[in-house]
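Results of the structural survey
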Amino acid sequence: MEEVQKDPATTEQRAPARGVAGAARVAERGLRLGPAELWALLDRNPVAIITLCMVIVGLVGPDLNLATHVLILGLLATSLNIIFGYGGLLSFGHSTFYGIAAYTAGNVLVRLTDNFWVALVLALAVTVAMATVLGWLCLRRRGVYFSMLTLAFNQILFYAAYSLAKDWTGGTDGLRGVPSPTLGFGFEANSIRDPGTFYFFVLAVTVVSLWAMHRVVLSPMGKALQAVRESETRALATGIDSTRVHWIAFVLAGAFAGVAGVLHSTFFHFVGLDAINWPLSGVAVISVLLGGRGTFVGPFLGTGIFLAFQEYLSRITSAWLLVLGVLVVLCVLGFPEGIWGNIKGWLMRAVGRRWQAARPERVVEYG
Amino acid sequence: MRKPLLLLAVWLASLAVVACAGEEATTPGTGTPTGASGQPIKIGLVLPFVGVYASLAESQANAARLAVDEINAAGGVLGRPLQLIIRDDKLQTDEAARQAQSLIQQERVDMIAGTIHAGGNLAINSVTKAAGVLYFATSATDTLRKERGEYTFHTAWAQSAAAPFVLDWVSKNLGRRWWVIYPDYAYGHEWKAILDRTASRLGVTIVGETMAPLGTTDFSSYIPSIARANPEVVYVFSAGGDMVNFFKQATAFGLFDADTKVMAGITDLTIDKSAGYDLIANTHALLPFYWGASSQYPSTGRFAQAYRARYGVPPDGYAAIMYDTIKVYAEAVKKAGTTDPSRVAAAVPGSYDFTEPIFIRQCDGEIARTMIVGRGNTADQARQAGDPEWALRQVVASAAGAESMLPPCGQ
Amino acid sequence: MEEVASQVLVGLANGVMLALLAAGLSLIFGQMNVVNFAHGAIYALGAYLGFLMVDRLGVFWLALVGAPIGLILVGIVTERWLLRPLLDRTGLEPLLMTFGLSYVITESIRVGFGKIGKPVDIPGELSGTIPLGFMDFSKYLAVAAAIGVVLLVLTWLVLERTDLGRIIRAVAQDSAMSMALGIDVIHVRRIVFCLGLALAALAAVLSAPLRGVHPDMGLEILVTVFVVVVVGGLGSFGGSVAGGLLIGLVTSLVSMEWPQWKDVAIFILMSLVLLARPRGLLGRE
């Protein structure tokens, strides 16, 4: 969203501060960090914000293990946001892609090679293929029927993992003994013996994925996707092929969920049925809604809050799920746009108030 | 701006209320060491405090606290107190792995014990194997011994150890024409493999079988076929809530009568309690531990008394397993003179009798627990026994845990 | 042949219970456009209220009346304070709210009633079986199914033949227009919400002697109920009944030959219905 702001004090037009020219302008005028600037900062650089926060957490945070999990599930939630937040379609089967990728990567690492990149490529290939097929099937419907279709296919694949493909998935016992992968050049990502290195490796993969997803959202396709979300009829009228746009978004969302799944298998050294079953989708959906569906940072923030509360509450009391439920209920009432969405919303309103305050004699006269 | 703040305040208040309301029996957390002094020996417990096994997790946590307090009161181990760090794996296998990792990396525990679901056991084993940490699996699994780390031990009963005794008893005392119900996951498949192997040797005919998905609440669709086959014994390996549902529905359909007996593959105190006297009366079941077996095993009586004095209810089989685990670990550390995993692991195998006779063997870390066949009491019988709330079973047959029960190493 | 007949009977009887539960969910969806994720938890709550009544009062039949009343009271409070503020917002807040509620209700049950299940016995006069020649049918299941059918018929009569029913259907069809015509939409929504809960409570109490009562019973049945509602047609009462009977039948017949496929079968059915005829058997769209 381009902003051409009118300075309330003068009527000069001020282009947004970007690039060298922008830096020069800022140096000229001094750096203002009012609500408008803050909002723009938060809105334009979501990946940088997340990266910065997670780097800090990685360096000084109390629980590296939990932080790694937040990275992985945050990636999953952000990928869901592509089809859910930006696309407007609630998918309950997102854990399908996470699980398929995790099982595939796990099997590659156990049976073929312990090279991470080979596992990643093969897992993504399978996941993208699956997402293409499932997307084609599920996108024949919209709204709640779409959601139910994703749920139905998720359950069918869950049962496949449970019994049909038991030799590959281990059924209820799970796929065990996934080795720590090598990254080439003698590097190994061992979450047990070297959690610090492992964390920053996962962070790197996550940041690259987030950046890629952000580019997608900002691209023309991303805009088209949001246009379809706002009004499919109008988008169709402007020549946007809504089905294709949805399909591409679905596949991309699935692909990035797959990346998270691959990380899962290397982090836990284990892939269980919980990686594909629908409650994981539910956690992703809650994280997206809690953090803010229309925003990029929201899902990640929501994941962080949800997992952190889950972990620390469960250490205090075994009734932690009750408290978490109450938290969700209160957040829904108090933060209708999600936590991040509301933070940005408040900033926006502050901008409006500032602008109003600067024009005290705003008298509107009608002739 | 005020509404969210108000709501936040309400939520914080409810959090405080719940946290305070949780008694010792329901809160995970850290046990405070008493008695001994010095650098604590840390024991990590990973258990599912939410979900269907939550009550069993509580039993194990309670038993662990009891054992730790007893040991610390007696001076600790090598002069050091034991310290429990309890984590909730939320009944998820990957969460179990993650908690194990967290305990190893952040808390630097000397030993991990847990969990209640077989998948979780295998997940934790994956982690402890790679990290070279001692692990005691505290629930039934028959797959663990095939992929255990060298410092992994199994202190809960295993199907292949129980099978010879119980199958023989059922074939001799209840009947030889069986209809078998298996739960459709690893535990059930193991039993099926065992029965397929040994049925003919025992003179047993399996007239039919049902593979019921795990978590089946509705067995009524299976019942007509069973009734038609008219078996002498309906052998139900589905455990816990599944078993109780089957009993309810079978009773409603009149499946159990003088000609058709029912045998439960495994049961435990809390399951029997939730089933109620009317359902279990005059049925038989295999129990890996029964608190009322004090006349057969004095250690059972002592343990049951101590547990009941502290927690107000008798211990169930899972509590016995965890109590044994902590005590065995303490013994092994004392014997080895160090907490170094390889030395302790070498000191673990042997016979023990803290809650009932058990034997842990060296080649695969497997355990032979005492096995008990119990008949369900009626409410009247329980009253007569002097314990109307908890005298749910009476011991009909038992076999003390000994090395001979275990199948040959490597099988 | 006899085997099939007995499976069909059992399947239909179980299907009636499912239909009761699904009808509640469908009605709530039709009125408020909310997929009520807390429906399973509410079902569990109803079952526990039933247990409480049987435990304290000793008579099963009182629970059949008391549990729905209890749930209605819960429903009134929930609807007023937790759902109504959200219904005017665009988006999926009600969905998230029901998510949160399902956790809250389930865990409250666990905290309040303990973590293991509770026994509910078949009322003495209904124990035993009815000999049908080809099988012995559980007397209790037969009576419970019969009661279920009566309740479903009553609900159908209210919806189709009374003024209230007409108003309910009108609001479901077009709430804005109904409001313009002077109907108190908020009041109607509250009534339907409570009706849905009452049906869930009845299903819970009727099933309790056969399925038991434990904190996770809601989660276990939730996805099955979704399948029923989708197959029958979202928002359609008749659809839920047809869907419930069909799913009960399918589950029963499949478990006869291929018990491991019992659960997948209904999801395959659900996806086929959604792909071929998304409005379900009897849904309107």
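Parameters and conventions
Residues numbered from 1 in each chain as written. Chains lettered and ligands numbered in written order. Predicted model: local features only at pLDDT ≥ 70, side-chain atom pairs only at ≥ 80, totals over all residues. Heavy atoms only, no water. Helix = DSSP H or I, 4+ residues; strand = E, 2+ residues; numbered from the N terminus. Rg over C-alpha atoms; globule rule 2.2 N^0.38 Å. Buried < 20%, exposed > 50% of the residue type's maximum accessible area, 1.4 Å probe, protein only. Contact = heavy atoms within 4.5 Å. Buried area = accessible area lost by both parts, 1.4 Å probe. Salt bridge = Lys/Arg side-chain N within 4 Å of Asp/Glu carboxyl O. pLDDT = per-residue confidence, 0-100. Disulfide = S-S within 2.5 Å. Pairing = 2+ DSSP bridges. Patch = residues over 30% accessible without salt bridge, like charges linked within 9 Å, V, L, I, M, F, W, Y side chains within 5 Å. Areas by Shrake-Rupley, 256 points an atom, 1.4 Å probe, with all protein chains shown as cover. Axes fitted to C-alpha atoms, helices over the stretch in contact; angles between N-to-C directions. Polar contact = N/O pair within 3.5 Å; in protein donor to acceptor, adjacent residues only side chain to side chain. Expected span 1.5 Å × (residues − 1). Bend = angle between axes of the 7 residues up to and from the residue. Core = buried A, V, L, I, M, F, W, Y, C linked by side-chain atoms within 4.5 Å. Domains from an automatic or database assignment.

**Here's the deal with the overall build of chain B**
Tallying secondary structure elements over chain B gives 15 helices and 15 strands in all. Scaling as 2.2 N^0.38, a compact globule of 411 residues should have a C-alpha radius of gyration of about 22 Å, and chain B matches this with 22 Å. Across its three principal directions, the C-alpha atoms of chain B cover 65 × 60 × 40 Å. Here chain B, with 411 residues, has 65% of them falling under the buried criterion.

**As for the interface of chain A and chain B**
Taken together, the contact between chain A and chain B spans 45 residues of the former and 44 residues of the latter. Summing the contributions of chain A and of chain B, the shared interface buries around 3,800 Å²; its carbon and sulfur component is 57%. Of all residues in chain A, Asn65, Ile192 and Ser318 of chain A bury the most surface against chain B, accounting for 15% of the area lost on that side. Counting every contact that joins chain A to chain B gives three salt bridges.

**A few points about the confidence of the model for chain B**
All names here are of chain B. This prediction gives chain B a mean pLDDT of 87; 91% of its residues lie at or above 70. When mean pLDDT is compared element by element in chain B, strand 4 (residues 134-137) scores highest at 96, while helix 1 (residues 2-21) scores lowest at 58. Across residues 21-35 the pLDDT falls below 50, and counting only partners more than four positions away or on other chains, this stretch makes 36 contacts in the model. The complex model carries a pTM of 0.85, and its ipTM stands at 0.84.

**Points about the state of the cysteines**
Under the criterion given, the structure shown has one disulfide over all chains. At a sulfur-sulfur separation of 1.7 Å, the disulfide partner of Cys363 of chain B is Cys409 of chain B. Sign of the S-S torsion, about -90° for the bond between Cys363 of chain B and Cys409 of chain B, identifies this disulfide as left-handed. With Cys363 of chain B in the loop between strand 12 (357-360) and strand 13 (367-369) and Cys409 of chain B in the segment after strand 15 (393-399), this pair connects stretches of sequence that are 46 residues apart. Cys331 of chain A forms no disulfide, and the closest cysteine sulfur to it belongs to Cys53 of chain A, at a distance of 18 Å. For Cys331 of chain A, a relative accessible area of 10% puts it in the buried group.

**Description of the pairing of strand 11 (residues 350-353) of chain B**
All names here are of chain B. Residues Gly350 and Tyr352 of strand 11 are buried on one face, while the alternating residues Ser351 and Asp353, pointing to the opposite face, are not. Of the strand pairs in this sheet, strand 11 and strand 12 are connected by four bridges, and their pairing is antiparallel. Paired with Gly350 across the strands is Ile360, a residue of strand 12.

**Looking at a nonpolar patch on the surface**
A contiguous nonpolar surface patch, about 500 Å² in accessible area, is contributed by Val149, Val150, Val153, Leu154, Trp156 and Leu157 of chain C. Residue position: Val150 of chain C is located in helix 5 (residues 139-161).

**Quick word on the sheet that holds strand 14 (residues 371-376) of chain B**
As a general point, the strands of a sheet are linked pairwise by backbone hydrogen bonds and lie either parallel or antiparallel. All names here are of chain B. Ordered in space as 7-6-8-9-10-14-15, the seven strands form an open sheet in which the pairing is mixed. Edge positions in the sheet fall to strand 7 (205-212) and strand 15, since each has one partner strand and no second. In this sheet, adjacent strand axes meet at a mean angle of 20° when their direction is disregarded. Relative to strand 8 (residues 233-236), strand 6 (residues 177-183) is paired through four bridges, and the arrangement is parallel. Bridge pairing in strand 8 links Trp178 to Val233. Set on the sheet, helix 6 (residues 159-173) makes contact with strand 6, strand 8, strand 9 (261-264), strand 10 (284-287), strand 14 and strand 15; between it and strand 14 the angle comes to about 35°. Strands strand 6 and strand 7 of the sheet are contacted by helix 7 (residues 186-198), whose axis makes an angle of about 150° with strand 6.

**Considering the interface of chain C and chain A**
Listed as interface residues are 42 residues of chain C and, on the opposing side, 35 residues of chain A. When chain C packs against chain A, the two sides together hide about 3,500 Å² of surface, and 82% of this comes from carbon and sulfur. The largest per-residue losses of area from chain C upon contact with chain A belong to Leu96, Tyr103 and Leu275 of chain C, which jointly make up 18% of the total buried on that side. Counting the contacts that link chain C with chain A gives zero salt bridges. Put simply, chain C and chain A have two residue pairs in polar contact (both at pLDDT 80 or more) between them. Elements with a contribution of two residues or more to the side of chain C that touches chain A: helix 3 (60-87), helix 4 (93-113), helix 9 (217-232) and helix 11 (262-276) of chain C. Tallying contributions element by element places helix 4 of chain C first for the side of chain C that touches chain A, with twelve residues.

**What about helix 4 (residues 64-86) of chain A?**
Residues and elements named next belong to chain A. Helix length check: helix 4, at 23 residues, gives a terminal C-alpha distance of 31 Å against a target of 33 Å (1.5 Å per residue), a fit within 8%. Leu80 marks the point of greatest bend in helix 4, at about 35°. Among the 23 residues of helix 4, 23 are classified as buried, and the element is accordingly described as predominantly covered. Count one or two residues on from helix 4 and you reach Gly88, which has phi positive near 80°.

**Some remarks on the sheet that holds strand 4 of chain B**
Residue and element names in this part refer to chain B. Read across the sheet, five strands follow the order 2-1-3-4-5 without closing on themselves; strand pairing throughout is parallel. Pairing within the sheet leaves two strands with one partner each, and these edge strands are strand 2 (82-88) and strand 5 (152-154). Sheet twist, expressed as the average angle between the axes of neighbouring strands with direction ignored, equals 20°. When strand 4 meets strand 5, the two strands line up parallel, connected through three bridges. Bridged to Tyr135 within strand 5 is Thr152.

**Quick notes on the nonpolar core**
Residue and element names in this part refer to chain B. Ranked by internal contacts, the top residues of the largest apolar core, which has 358 residues, are Val166, Trp191, Phe246 and Ile326. Looking at this core, you find at least three residues from each of domain 1 (38-157 + 299-369) and domain 2 (160-287 + 371-405). In contact with Ile326, not counting residues within four places along its chain, are Ile43, Ala64, Ala67, Val68, Ile71, Leu82 and Leu84.

**What about the side chain of Thr93 of chain B?**
Mapped onto the elements, Thr93 of chain B comes out in helix 3 (residues 93-107). You can call Thr93 of chain B buried: its relative accessible area is 6%. Apart from the residues lying within four places of it in its own chain, the contact partners of Thr93 of chain B are Phe270, Gly272, Leu273 and Asp274 of chain A together with His117, Gly119, Gly120 and Ala123 of chain B.

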